[in-house]
Amino acid sequence: MAAPASQRSVVFVDGIRTPFGKAGPKGMYAETRADDLVVKAIRELLRRNPQLDPARIDEVAIAATTQTGDQGLTIGRTAGILAGLPETVPGFAIDRMCAGAMTAVTTTASGIGFGQYDVVIAGGVEHMGRHPMGEGADPNPRFLADRLVDQSALVMGNTAENLHDRFPTITKERTDAYAVASQAKYQAAKEAGHIADTLVPVATRSAAGWGLATEDEPPRPGTTVEDLAGLKTPFRPAGRITAGNAAGLNDGATAAILAGEDTAIELGLPIGMRMVGFAYQGVDPAVMGYGPVPATEKLLARTGLKIEDIGLFELNEAFAVQVIAFLEHYGIADDDPRVNPWGGAIACGHPLASSGVRLMTQLSRQFAQRPDVRYGLTSMCIGLGMGGTVIWENPNFDGAK
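Residues numbered from 1 in each chain as written. Predicted model: local features only at pLDDT ≥ 70, side-chain atom pairs only at ≥ 80, totals over all residues. Heavy atoms only, no water.

- Under an unreviewed UniProt entry, the name given to the chain is Acetyl-CoA acyltransferase, and the source organism is Rhodococcus maanshanensis.
- Recorded in UniProt under Sequence similarities (unreviewed entry), the annotation for the chain is "Belongs to the thiolase-like superfamily. Thiolase family." (UniProt positions renumbered as here; feature names shortened; annotations may be inferred.)

**Considerations on the pairing of strand E11 (residues 375–382)**
For step 1, the next point in the chain: Across the 8 residues of E11, 8 count as buried, placing the element largely inside the fold.
For step 2, the next point in the chain: Of the two faces of E11, the one holding Tyr375, Leu377, Ser379 and Cys381 and the one holding Gly376, Thr378, Met380 and Ile382 are both buried throughout.
For step 3, the next point in the chain: Where strand E10 (residues 310–315) and E11 come together, 5 bridges link them in parallel fashion. For Ile310, the partnering residue across the bridge sits in E11 and is Tyr375.
For step 4, the next point in the chain: Bridge count for E11 against strand E12 (residues 386–393) is 8 bridges, and the pairing is antiparallel. Looking at the pairing, Gly376 lines up with Trp392 of E12.
For step 5, the next point in the chain: Linking E11 to E12, which pair antiparallel, is a turn of 3 residues; within it Leu384 sits at a positive phi near 70°. (Buried < 20%, exposed > 50% of the residue type's maximum accessible area, 1.4 Å probe, protein only. Helix = DSSP H or I, 4+ residues; strand = E, 2+ residues; numbered from the N terminus. Pairing = 2+ DSSP bridges.)

**Description of the environment of Thr171**
For step 1, the next point in the chain: Position of Thr171 among the secondary structure elements: in the loop between helix H5 (156–166) and helix H6 (172–191).
For step 2, the next point in the chain: Given the relative accessible area of 29%, Thr171 is considered partly exposed.
For step 3, the next point in the chain: For the pair Thr171 and Ile121, spaced 50 residues apart in the sequence, the C-alpha separation amounts to 41 Å.

**Section: the UniProt feature "domain: Thiolase N-terminal" (unreviewed entry) in the chain**
For step 1, the next point in the chain: When the UniProt feature table is mapped onto this chain, "domain: Thiolase N-terminal" (unreviewed entry) is found at residues 10–261.
For step 2, the next point in the chain: In residues 10–261, helix accounts for 31% and strand for 19%; the two terminal C-alpha atoms are 6 Å from one another.

**As for empty space enclosed by the protein**
For step 1, the next point in the chain: Throughout the structure, instances matching the rule amount to 2 cavities of 30 Å³ or more.
For step 2, the next point in the chain: For the largest cavity, the full set of lining residues is Pro292, Leu315, Asn316, Gln322, Val323, Phe326, Ser379 and Met380.
For step 3, the next point in the chain: Where the lining of the largest cavity is concerned, the elements lending two or more residues are helix H10 (320–329) and E11.
For step 4, the next point in the chain: The greatest single-element share of the lining of the largest cavity, amounting to 3 residues, is contributed by H10.
For step 5, the next point in the chain: Here the lining of the largest cavity is built from residues that sort into 5 nonpolar, 3 polar and no charged. (1 Å grid on protein atoms, 1.4 Å probe; cavity = no way out; pocket = protein on both sides within 12 Å on 5 of 7 lines; lining within 4 Å. Points joined across faces, edges and corners; volume = space filled by probe spheres on them. Nonpolar A, V, L, I, M, F, W, Y, C, P; charged D, E, K, R; others polar.)

**A word on a nonpolar patch on the surface**
For step 1, the next point in the chain: Taken together, the side chains of Phe143, Leu144, Leu148, Leu154, Val155, Phe235 and Leu384 make up a nonpolar region of the molecular surface, amounting to roughly 580 Å² of accessible area.
For step 2, the next point in the chain: Within the element layout of this structure, Leu154 appears in the loop between helix H4 (142–145) and H5. (Patch = residues over 30% accessible without salt bridge, like charges linked within 9 Å, V, L, I, M, F, W, Y side chains within 5 Å. Areas by Shrake-Rupley, 256 points an atom, 1.4 Å probe, with all protein chains shown as cover. Salt bridge = Lys/Arg side-chain N within 4 Å of Asp/Glu carboxyl O.)

**Concerning the pairing of strand E8 (residues 250–260)**
For step 1, the next point in the chain: Within E8, 11 of the 11 residues are buried, leaving the element largely enclosed by the surrounding structure.
For step 2, the next point in the chain: Taking every second residue as pointing to the same face, both faces of E8 are buried, with Asn250, Gly252, Thr254, Ala256, Leu258 and Gly260 on one and Asp251, Ala253, Ala255, Ile257 and Ala259 on the other.
For step 3, the next point in the chain: Bridge analysis of strand E1 (residues 10–17) against E8 gives 7 bridges, and the strand direction is antiparallel. Across the sheet, Gly15 pairs through a bridge with Ala256, a residue of E8.
For step 4, the next point in the chain: Inspection of the sheet shows strand E2 (residues 21–22) paired to E8 by 2 bridges, in the antiparallel sense.

**Some points on the pattern of salt bridges**
For step 1, the next point in the chain: A complete count under the given rule lists 24 salt bridges for this structure.
For step 2, the next point in the chain: For Arg48, the salt bridge goes to Glu44, with nearest N and O atoms at 2.8 Å. Placement of both Arg48 and Glu44 in helix H1 (residues 34–48) is noted, with a separation of 4 residues, approximately one turn of the helix.
For step 3, the next point in the chain: Arg370 is the partner of Asp372 in a salt bridge, and the nearest nitrogen-oxygen pair spans 2.9 Å.
For step 4, the next point in the chain: Overall, the relative accessible area of 32% leaves Arg370 in the partly exposed class.
For step 5, the next point in the chain: The network of salt bridges with common partners includes Asp14, Glu44, Arg47, Arg48, Asp197 and Arg365.

**Focus on the packing of aromatic side chains**
For step 1, the next point in the chain: What the rule picks out here adds up to 5 aromatic pairs.
For step 2, the next point in the chain: Measuring from ring centre to ring centre gives 6.3 Å for Phe313 and Phe326, while their planes differ by 70°; the resulting arrangement is edge-to-face. Of this pair, Phe313 sits in strand E10 while Phe326 is found in helix H10, placing the two residues 13 residues apart along the sequence. The same class applies to Phe313 and to Phe326, which are both buried.
For step 3, the next point in the chain: Here a set of aromatic residues connected by ring pairs shows up, and it is made of Phe313, Phe326 and Tyr330.
For step 4, the next point in the chain: The ring of Phe20 has Arg17 lying over it, and the distance from NZ or CZ to the ring centre is 4.4 Å.
For step 5, the next point in the chain: Over the face of the ring belonging to Tyr280 we find Arg96, whose NZ or CZ atom lies 3.8 Å from the ring centre. (Phe/Tyr/Trp six-rings, centres within 6.5 Å; stacked < 30°, edge-to-face > 60°. Lys NZ or Arg CZ within 6 Å of the ring centre and 35° of its normal.)

**A few points about the nonpolar core**
For step 1, the next point in the chain: Formed by 38 residues in total, the largest nonpolar core has its most connected members in Phe313, Leu315, Phe319, Phe326 and Ile391.
For step 2, the next point in the chain: A per-element tally of this core places H10 first, with 7 residues.
For step 3, the next point in the chain: With residues up to four places along the chain from it excluded, the contact list for Ile391 reads Arg274, Met275, Val276, Gly277, Leu299, Leu300, Thr303, Leu305, Ile310, Tyr375, Gly376 and Leu377. (Core = buried A, V, L, I, M, F, W, Y, C linked by side-chain atoms within 4.5 Å. Contact = heavy atoms within 4.5 Å.)

Okay, structure coming up:
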């Protein structure tokens, strides 16, 4: 019998992702189905955790922003069936745009904390090559006719340009320098073997035949500030957002196992980190990238923690400007070593609804290496003007300061 909700701790057991690909006909997943990417991630989780009887899984929650075609049809249920889970294991689909996988985690974690789930799988997928963001969407004309949102709110790159307008101290030179550092940190982490441990290889098919995706496709190692200086600014003439200081269009999937801490101990599952709390907050959709700031403020107030208590930050790099806006708000330097120590989405990619679990998986691995750090934070901006933040506790913390 599950423990009372007030006493139950929710833990992140393990996470995995496919390598992230470039969206489009030349990307490595151009001929690979979105649901097959999710299936590969789920199967790898079970392979890595053989002590978990699949029949003990209470729910499969999979997010997708564009829920159509091969990433529609209640993908949490269909992916579970395709992955070979028992037919008794239910599943559902979820959408909170870029924070889809994050919301899959926090929603099912709430069920665990309330005592209604013991073990769940949560994750996300986005095949932007097959299903571009907003494909088939029909925004209500009242959004613009009634001036509910600024027209720029419907194009994410324009919202990032707006953020530059709001914060003139965040120059293009700063964002380019941040992007170059992200590429360098990712490459260093890859060479150290940190990235490979978070990936499951995926068989791919193309006109040239069968292949095997073992590495992320988007990174550009060796990128310099000079390389980025001359790139086009597609969202505004003489603008500041370029393909170099923003995440690209990508394909990929993630999945994670969450459990009640009591259940994890009972089954002998590893405890990667404990959930402290989470919060979502809305902001003006025209500056959606600012969302992580009020979401984090809300969560810090709820938990009684201070930003100084956070020893590691995994911030999604949809755009360099939105990360720097968060750092500037809290007085954190652009190059603070606590922030995205393995690089971020500017380097490895951002397949929308999948990215939240990538952040969590990396933080969990970093906790294992850093017993001196007690708390870590995963946060991201969300389309249409939102932010989401989750704070985690390191089970390996040894009390060192």
